[in-house]
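Here is what each chain is made of, one letter per residue.
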Amino acid sequence: MRLTIRATLSIAVGVLALTLPACSSGDSRAGSAGGPVQLTLLSHYGSEPAKGGLDKMISQWNKENPDIQVKSEVVKFDDLLTTLMVRQTGGRGADIVSAYGLWGGQLEKANVLAKVPDDVQKSIKASYSEAAQGAVTTGDTLLGFPTELNTYVLFYNKTILKAAGITNPPATWDELKTDAQKVAKRDANGNVLVEGISLIQDGDNKSVHPFLSLLDSAGGQFLGPDGTAAFDDAKGKAALRLEADLAKAKSTDTSISPTKQFRSGRVAMAIQAGWWVGSLKTQMGGKYSDVGVAPVPGPAAGSKGSLAYGFFMGVNQRSKHQEQAWKFLTWLNEHKTDKGVTGMGQYMADMGLIPPRTADVESLKKSLSDPNLIPIYDAAKYAMPEPNLVGAYEAKTALHKAIMTVLVNEQSPDNALAEAVKGVKPQ
Amino acid sequence: MAALTEMVVHDSARHPPGKASAGRSAMARQESLAAYLFLSPALLFFGVFLVLPFLFALVLAVSDWSGFDLGTIRWAGLDNFADVLKPDGAFVKPILVNTLLFAFGSVALATAGSLLVASCIDRLRFQGFWRVLYFLPVVATVVAIGNIWKMMYQPAGLINGLLNKLGVNSVGFLSDPHLALPAVTVVHAWASIGGAVLILIAGLKAIDGTYYEAAEVDGANSWQMFWQITLPLLRPSLLFVLITQFIGGLQSFALIIVMTTDGGPVNATNVAAFEMYQQAFKFGAWGTASAMAMVLFVVIFLITLLQLWIARRKGEETS
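A quick note: this is a predicted structure, and the numbers were derived from the prediction, not measured.

Residue and element names in this part refer to chain A. Its 15 residues place the ends of helix H10 (residues 234-248) 20 Å apart at the C-alpha level, agreeing with the 21 Å of an ideal helix rising 1.5 Å per residue. All of the buried residues along H10 are Gly236, Lys237, Ala239, Leu240, Leu242, Glu243, Ala244 and Leu246. If you follow the buried residues of H10, they end up packed against helix H8 (173-183), strand E8 (192-198), helix H9 (208-217), helix H17 (392-409) and helix H18 (413-422). Two residues or fewer after H10 comes Lys250, characterised by a positive phi angle close to 60°.

And the structure:
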């Protein structure tokens, strides 16, 4: 019996010895005495060409700076916020984080991000576009270096519009309604053959960004500076009434996915982000010449609107090597390539995205091979930056649900917006 | 008898009563200790992965916490519960109502379906083959099942194609707010039939054949035998199926994410577990999410108690 107990004790001690270290939260990344500092960078740039481009810049840095070595860690965008949250809570957050601007308020409230040093802030304020800065600023706090910037524009299929006798893309809301109705087609069973205009996109809160682009074209705002709802004014109601009219006329249908069906000619027009250019080029091959891009039209001739959302790279408040992390980030965002633009600017342009630096935009615009990129770049000048206060994500979800009640349930736009206001919780 | 007395006396002489009792007690203690030590890995597992998260959720339900930093947890009292249960909020209606409809609907369909399938399989040859066939959806991933059904439900999908052939216009199964929840419920029920079929077949096999022989002699038809013999004797297995399927239905949301992405259209398929996930991981409202979890826990607990109470009144228990 004694032998059994001894054996049992040995097993129990063994189990504890095996399990307890797994439960601990030790961090082996901290630079050991005398060795190079090891920094980790967590981002969603895990697929090509994003991954290769970032790895190339990091390799160059690691080669030139043996004392500060950077390691890239990637997850899918859908898992990025969860990974950030879980790792930070467990004391294993990366030194440098790449995050979506909309999460900025949440990250700031939870003290995840270190303050951007004054000299870095000064440099960013002097060199980056207003849209890029606005998309990564919460209140008065700049969250980090603006990196990825996207603006919304109107994509259209030239062949479908031409077949309906439309020579130019719509320039006003009235033209948008008329053109969308003219090109929309259904079969005898009610199946959509061609959707006139798509007002949704794939992914999270899919109806909000196209709506906010229309709202911007009318001069409206999403949220006020204090996080209260601003979308329920006359301009917001007018923008949602436009969407309601399009739904009522069966010119738009939320069951059609533009990212899957535009390429096959089943969607005539769609309000989408600029990154879509790169996807369409790959998916459509030779048929990409059918694609045209124009600004999102406004209620009157000459008015236009867009939404700008961005990503940023910031330093973790808990990083033991904040100084080195800012040093690396400054190099990553400011070092120049042979073409005279920054490495980050070229990296973004290679992915079909807008470089956030004004000088890079001007320089790269001169050599743009695709005319479709011009309206996308131009939109950075007038686009509404996506608000990223604490509670903005929740407000966005409430607005999405309200828009869908209009598009799907044919609810009154005014009532839908009043309902959405209840979901906005300024903090 | 004399020999026995002699043995006892002899044994008592060798081991005085006090010492024997102390020895037995020490041995019992050692055995208890050994038992706990053998149980310790399992207890550690349950402690770490069940008890601690539950207690943490309980603490968060009365706190304000946006994630990331445990040092920022602040006491909020019952504010989260008031927020979650407020009459004009979305959690009670439509979310909790959707959850119950989804769970009740899928349990009713899956139980009726599995009962029918199990009764049929019980009369067929090659029963192993049929069991495997119906169990396949349980083995398949939710992502695969959800995507296949999503394609079938599309306006140009298989189901609408058949409807069109019959002269019926296409139906927006996943885009019509009135149809989306029933459409997803059917898929969940279909995917859960396999597990229930296995349990019910085992229950059917346990019914003594002599009951049926006696009923046949008395002139009972198949329908009467099903209602008077099969169903009452299958009640313990049915109760197990009902309870496990119902709990699964109340907690399920993976299928809904795959098929509708966001619990839409217009919250039509939003269920409690999905809303909790959104509150915690998207909005960083861990207090609200944990309060919702506690409310759902109470709902599941009460419904399970009700099911057990009804079953016990009829004199049945799960095995």
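Here the focus is the domain arrangement of chain B. Residue and element names in this part refer to chain B. Entries for chain B in the domain assignment read domain 1 (18-75) and domain 2 (83-313). Residue-level contacts link nine residues of domain 1 with seven residues of domain 2. Elements supplying a minimum of two residues to the side of domain 1 that touches domain 2: helix H2 (17-61) and strand E1 (63-64). By residue number, the principal contributor to the side of domain 1 that touches domain 2 is H2, which donates four residues. Here the side of domain 1 that touches domain 2 is composed, by residue class, of five nonpolar, three polar and one charged.

This part takes up the environment of A:Gln322. All names here are of chain A. Following the sequence through the fold, Gln322 ends up in helix H13 (residues 322-334). Take Gln322: there are 18 C-beta atoms within 10 Å of it, and that puts it in the partly exposed class. With 277 residues separating them along the chain, Gln322 and Tyr45 place their C-alpha atoms 22 Å apart.

This brings us to the environment of A:Gly190. Its place among the elements puts A:Gly190 in the loop between strand E7 (185-186) and E8. In the structure, A:Gly190 is positioned 65 residues away from A:Ser255 in sequence and 12 Å away in space, judged by C-alpha atoms. Not counting the four nearest positions on each side in its chain, A:Gly190 is found in contact with B:Asn169 and B:Ser170.

Further remarks concern unusual backbone geometry. Residues and elements named next belong to chain B. Geometrically, the link from Lys93 to Pro94 is a cis peptide bond, its omega value of 15° lying close to zero. Along the chain, Pro94 turns up in helix H4 (residues 91-121). For Phe126, which is not glycine, the phi torsion reads 50° and is therefore positive. Inspection of the secondary structure assignment puts Phe126 in the loop between H4 and helix H5 (127-139). According to the C-beta neighbour criterion, Phe126 is exposed, with 10 such atoms within 10 Å. For Thr261, which is not glycine, the phi torsion reads 70° and is therefore positive. Following the sequence through the fold, Thr261 ends up in the loop between helix H12 (254-260) and helix H13 (272-282).

What follows deals with the confidence of the model for chain B. Residue and element names in this part refer to chain B. Mean pLDDT over chain B: 86, with 92% of residues reaching 70 or higher. Taken element by element, the predicted model of chain B shows its lowest mean pLDDT in helix H1 (residues 2-14) (48) and its highest in helix H3 (residues 79-85) (93). Throughout residues 1-9 the model reports pLDDT below 50, and contacts reaching past four residues in sequence, or to other chains, amount to zero contacts. Model confidence for the complex: the whole-complex pTM is 0.78, and ipTM, which rates the interface, is 0.73.

Turning to the nonpolar core, a few remarks are in order. Counting 188 residues, the largest nonpolar core has A:Phe155 and B:Met292 as its most contacted members. Per-element tally for this core: the top contributor is helix H8 (residues 180-205) of chain B, with 12 residues. Residues in contact with B:Met292, not counting those within four places in the same chain, are B:Val84, B:Phe91, B:Ala272, B:Glu275, B:Met276 and B:Gln279.

In this section: the domain arrangement of chain A. Residue and element names in this part refer to chain A. Segmenting chain A into domains produces domain 1 (37-150 + 309-385) and domain 2 (151-307 + 388-422). Of the residues lining the interface, 24 residues belong to domain 1; the matching set on domain 2 comes to 25 residues. Those elements that provide at least two residues to the side of domain 1 that touches domain 2 are helix H4 (104-109) and helix H16 (373-382). The residue inventory of the side of domain 1 that touches domain 2, partitioned by class, reads 13 nonpolar, nine polar and two charged.

Reading guide: rules and limits
Residues numbered from 1 in each chain as written. Chains lettered and ligands numbered in written order. Predicted model: local features only at pLDDT ≥ 70, side-chain atom pairs only at ≥ 80, totals over all residues. Helix = DSSP H or I, 4+ residues; strand = E, 2+ residues; numbered from the N terminus. Expected span 1.5 Å × (residues − 1). Buried ≥ 20, exposed ≤ 12 C-beta atoms within 10 Å, placed from the backbone. Contact = placed C-beta atoms within 7 Å. Domains from an automatic or database assignment. Nonpolar A, V, L, I, M, F, W, Y, C, P; charged D, E, K, R; others polar. pLDDT = per-residue confidence, 0-100. Core = buried A, V, L, I, M, F, W, Y, C linked by C-beta atoms within 7 Å.

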